[in-house]
Amino acid sequence: MFFLFVLTFCIVSPVAQTVDRKYTALQFGTTSSDYISFSHNMSPFRNAFTLCTWIKRVYTSSSSPVVFHYQTSSTTFEILTGSAGEYNRVLGDGVLENSHSKFTTPAGQWFHYCLTWSSSSRTIQIYLDGELAASGQTSSGNWRELHASGTVWFNRLGYSAGSSWIFGGQLYRFNLYNEILSSGTIKRIAYGGLCAEVEETIGSRTLRWEDVLEKSRTGLVVEVGIDCYLIKELRMMRKQLDTVKGQLNRTNDDLETITGLLNSTQEELKTVTGQLNRTEEELDRTEVSLEYEVTRHNQTEEELSRTRESLETVTTRSNRTKE
């Protein structure tokens, strides 16, 4: 059975990977000519947003690598994020810039990044691998809302072709939500890992990773498959094993209950057996008493018979004397 399962998996899995782009990352080249850029209506994020993505740093020669940049004619740095903590800007405010000490994941490893912001509270927060890493407040005044119409860039500081801002790494599941996600939700996304599907269940996901994958690309930007199929199969097997384990635990509980009942019945049987044994002993004693009484009764009858015979003898003699 296990051999059939492995054979089926080996046959089916590659076919699924060729048609399903759900588990696709993007690898960006290492020049300023390797990028994705498109115009986008950002009005849903005017007053609040959460930006979340998986990042893998590969190219480490840039001093200030830029992952995502949103600019408008009104503001150059509406949103600016980096892969090593240099940039965490909203509305040009650099209150959380230079957070290098928070970005400790080594190059070549995936980490989860989220940036949240609200115009009402002016609070900006960074989450790394599901945990709150830094928090601050953006400036007040006219800088309270995002401008709606602008251009988004990946792997490039939009207005500049300088090599200092090249990200040159891998990006996966970049999503923008038009609300502040709760810390619990962010933790579920991060803790779920690369193969979780938590994001797809959140209705406020407005700029979606699958939309980014459909945008035209400039230069070297290639798709990289995330091998989630084996992981998902293993997770499914784990769930099945957990189900069987639960059933076995319930069966064990039932067996323990039955064993308890049997032990109770056995104790009751021992009690009844003891009572029967005592009754039998009492019957034995009663039988002995009855036998004794019967013996005495027989002896009494014998004495009565002898007495009767003596009387008859005396009576006979008396009658003879009278004659």
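(A) Representation of the packing of aromatic side chains. According to the stated counting rule, one finds ten aromatic pairs in the structure shown. Ring plane angle 55° and centroid distance 6.4 Å describe the contact between Phe28 and Phe167, whose orientation is recorded as tilted. Here Phe28, found in strand E1 (residues 24-28), pairs with Phe167, found in the loop between strand E10 (149-154) and strand E11 (170-177); they are 139 residues apart in sequence, far enough to count as distant. By the burial criterion, Phe28 is buried, and Phe167 matches it. Residues Phe154 and Phe174 carry aromatic rings whose centres are separated by 4.9 Å and whose planes lie at 85° to one another, so their mutual orientation is edge-to-face. Residue Phe154 is found in strand E10, and its partner Phe174 is found in strand E11; the two are separated by 20 residues along the sequence. Take Phe154: its relative accessible area is 0%, and that puts it in the buried class. The positively charged end of Arg89 is found above the aromatic ring belonging to Phe77, 4.5 Å away from the centroid. The ring of Tyr35 has Arg156 sitting right over it, with the charged end atom 5.0 Å from the ring centre.

(B) Molecular detail of the environment of Gly29. Tracing the backbone shows Gly29 in the loop between E1 and strand E2 (35-41). For Gly29, a relative accessible area of 5% puts it in the buried group. With 126 residues separating them in the primary sequence, Gly29 and Asn155 have C-alpha atoms 8.4 Å apart. The residues contacting Gly29, other than those within four sequence positions of it, are Asp34, Asn155, Ile166, Gly168 and Leu220.

(C) Representation of the pattern of salt bridges within the structure. Within the structure shown, the criterion is met by eight salt bridges. A salt bridge links Glu145 to Arg46; the shortest N-O distance between them is 3.7 Å. Within this pair, whereas Glu145 is found in the loop between strand E9 (131-137) and E10, its partner Arg46 is found in the loop between E2 and strand E3 (48-56), the two being separated by 99 residues in sequence. Residue Arg46 is classed as partly exposed on the basis of its relative accessible area, which comes to 28%. Notably, a salt bridge pairs Glu210 with Arg205, separated by 2.9 Å at the nearest N-O pair.

(D) Structural detail: a nonpolar patch on the surface. Together, Leu255, Ile258 and Leu262 give the surface a local cluster of nonpolar side chains, amounting to about 290 Å² of exposed area. Mapped onto the fold, Leu262 is located in helix H4 (residues 229-322). A relative accessible area of 55% means that Leu262 is categorised as exposed.

(E) Local environment of the sheet that holds strand E13 (residues 217-218). Ordered by their spatial adjacency, six strands build an open sheet running E6-E5-E4-E10-E2-E13, and the pairing between neighbours is antiparallel. Whereas interior strands pair on both sides, the edge strands pair on one side only; in this sheet they are strand E6 (88-90) and E13. Both strand E4 (residues 66-71) and strand E5 (residues 79-82) contribute to a ladder of four bridges, which runs antiparallel. Bridging across to E5, His69 finds its partner in Leu80.

(F) Layout of helix H2 (residues 183-192). Among all positions of H2, only Thr185, Ile186, Ile189, Ala190 and Gly192 are buried. A positive phi of about 85° marks Gly193, the residue just after H2.

(G) Region of interest: the nonpolar core. Counting residues in hydrophobic clusters, the biggest one holds 45 residues, and the most contacted among them are Phe49, Phe68, Phe154 and Phe174. Ranked by residue count, the leading element in this core is strand E7 (residues 110-118), at five residues. Discounting residues that sit within four places of it in the chain, Phe68 has contacts with Leu51, Ile79, Leu80, Thr81, Val152, Trp153, Phe154, Phe174 and Leu176. In terms of nonpolar packing, the next biggest core, distinct from the first, is built from ten residues, Cys114, Leu181, Ala196 and Val198 among them.

Each value, and the rule that gives it
- Residues numbered from 1 in each chain as written.
- Predicted model: local features only at pLDDT ≥ 70, side-chain atom pairs only at ≥ 80, totals over all residues.
- Heavy atoms only, no water.
- Phe/Tyr/Trp six-rings, centres within 6.5 Å; stacked < 30°, edge-to-face > 60°.
- Helix = DSSP H or I, 4+ residues; strand = E, 2+ residues; numbered from the N terminus.
- Buried < 20%, exposed > 50% of the residue type's maximum accessible area, 1.4 Å probe, protein only.
- Lys NZ or Arg CZ within 6 Å of the ring centre and 35° of its normal.
- Contact = heavy atoms within 4.5 Å.
- Salt bridge = Lys/Arg side-chain N within 4 Å of Asp/Glu carboxyl O.
- Patch = residues over 30% accessible without salt bridge, like charges linked within 9 Å, V, L, I, M, F, W, Y side chains within 5 Å.
- Areas by Shrake-Rupley, 256 points an atom, 1.4 Å probe, with all protein chains shown as cover.
- Pairing = 2+ DSSP bridges.
- Core = buried A, V, L, I, M, F, W, Y, C linked by side-chain atoms within 4.5 Å.

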